[in-house]
Amino acid sequence: MNLPLAASSGEGQSSPRPWVLPSRALTFYYGCPEMPRLSHYFLPRVLLAEKRILYLDGANHISPLLIARFARERGLEPSAFNTLIRVSRAFTCFQLTELIRRVPKILETFAADVLIVTSLPDLFFDEDVREPEARASLELALEGLGKLAALPLSIAVFSDATSFKTSRRDFLHRLWKQANEVVKVEARLGDKLSFTCEKAAPLLAI
């Protein structure tokens, strides 16, 4: 799939502006296997406003080359964007949970305006991790996100959880329920994406 794709609204439903993150909200984006890569297309608007992004990469998909391309397309040196992003990678659900719980400490030295998390709850579907342990870890991660929601911070979670066949489907619903805003992103014919707002909060965009 070649990105970025043109965006279209879901028929008969309100839809948020594509590539715009609400401020001071936990927003959950899901529904398309390309979600980790799509997260990159929310970055330029934030970075051009010289806001800082903390990116917790559970999908191991962050692309410095793509971010550098965004900068050059706007007549900037890649360093103009790179200095505004801090990336931490997680390869297990336990590592992702620990990173989320560590965010308040990270914010003491890197005053981020936006927190992006990828592969939540996807990493918690790993069958090598027993379900009780995965569920307990997820609850700690959601608890951590709940505490962060009280901060002046925009939180965006990007997931391709619907691509998985798993008995842990309720993990997805737990995150859906906790989020202030939920956006389902689906591929359409003609290289288009639909952004359907399934749950909305009356909050400003950044």
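Everything here concerns the structure above.
Residues numbered from 1 in each chain as written. Predicted model: local features only at pLDDT ≥ 70, side-chain atom pairs only at ≥ 80, totals over all residues. Heavy atoms only, no water.

Caption draft 1: Representation of the overall build of the protein chain in the model. If you tally the helices and strands in the protein chain, you get 7 helices and 8 strands. In the protein chain, which comprises 206 residues, the share counted as buried stands at 50%. Long-range contacts, defined here as pairs at least 24 residues apart, represent 76% of the contacts in the protein chain between residues at least 6 apart. (Helix = DSSP H or I, 4+ residues; strand = E, 2+ residues; numbered from the N terminus. Buried < 20%, exposed > 50% of the residue type's maximum accessible area, 1.4 Å probe, protein only. Contact = heavy atoms within 4.5 Å.)

Caption draft 2: Region of the structure containing the nonpolar core. Formed by 37 residues in total, the largest nonpolar core has its most connected members in L56, L96, I100, L115, L120, F124 and L145. Where this core is concerned, the elements lending two or more residues are β2 (26-30), β3 (53-57), α5 (93-107), β5 (114-118), α6 (131-148), β6 (154-159) and α7 (170-178). Looking at this core, the element that brings in the most residues is α5, giving 7 residues. When near neighbours in sequence (up to four residues on either side) are disregarded, F124 contacts C93, L96, T97, A134, S137, L138, A141, R168 and F171. (Core = buried A, V, L, I, M, F, W, Y, C linked by side-chain atoms within 4.5 Å.)

Caption draft 3: Inspection of the pairing of β3 at higher detail. Buried residues dominate β3, accounting for 5 of its 5 residues. With 5 bridges joining them, β3 and β5 adopt parallel strand pairing. Across the sheet, residue L56 finds its bridge partner in β5, namely V117. (Pairing = 2+ DSSP bridges.)

Caption draft 4: Representation of the pairing of β5 in the model. Counted residue by residue, β5 has 5 buried out of 5 residues, so it is predominantly covered. Handedness of the crossover is the feature at issue here: the chain leaves β5, passes through α6, returns alongside β6, and the resulting connection is right-handed. (Right-handed = clockwise from strand over helix to strand, strands pointing away.)

Caption draft 5: View of the pattern of salt bridges. In the structure shown here, the tally under the stated rule is 12 salt bridges. The partner of R135 in a salt bridge is E131, with the nearest N and O atoms 2.7 Å apart. Here R135 pairs with E131, and both are found in helix α6, just 4 residues apart, close to one helical turn. Look at the salt bridges and you will find they share partners, linking R69, E73 and R74 into a network. (Salt bridge = Lys/Arg side-chain N within 4 Å of Asp/Glu carboxyl O.)

Caption draft 6: Representation of α5 within the structure. Taking 1.5 Å per residue as the helical rise, α5 with its 15 residues ought to reach 21 Å, and the 21 Å between its terminal C-alpha atoms agrees with that figure. Of the residues making up α5, those classed as buried are C93, L96, T97, L99, I100, V103, I106 and L107. Elements in contact with the buried residues of α5: β3, β4 (85-89), β5 and α6. (Expected span 1.5 Å × (residues − 1).)

Caption draft 7: Broad picture of the packing of α6 against α7. Look at α6 against α7: their axes get within 11 Å of each other, and the N-to-C directions meet at 10 degrees. As summarised for this structure, α6 and α7 are arranged roughly parallel, according to the angle between their axes. Seen from α6, the contacting residues are E131, A134, R135, L138, E139, L142, L145 and G146; seen from α7, they are D170, F171, R174, L175 and Q178. Looking at the contact of α6 with α7, its residues break down into 6 nonpolar, 2 polar and 5 charged. (Axes fitted to C-alpha atoms, helices over the stretch in contact; angles between N-to-C directions. Parallel < 35°, antiparallel > 145°, perpendicular 65-115°, else oblique. Nonpolar A, V, L, I, M, F, W, Y, C, P; charged D, E, K, R; others polar.)

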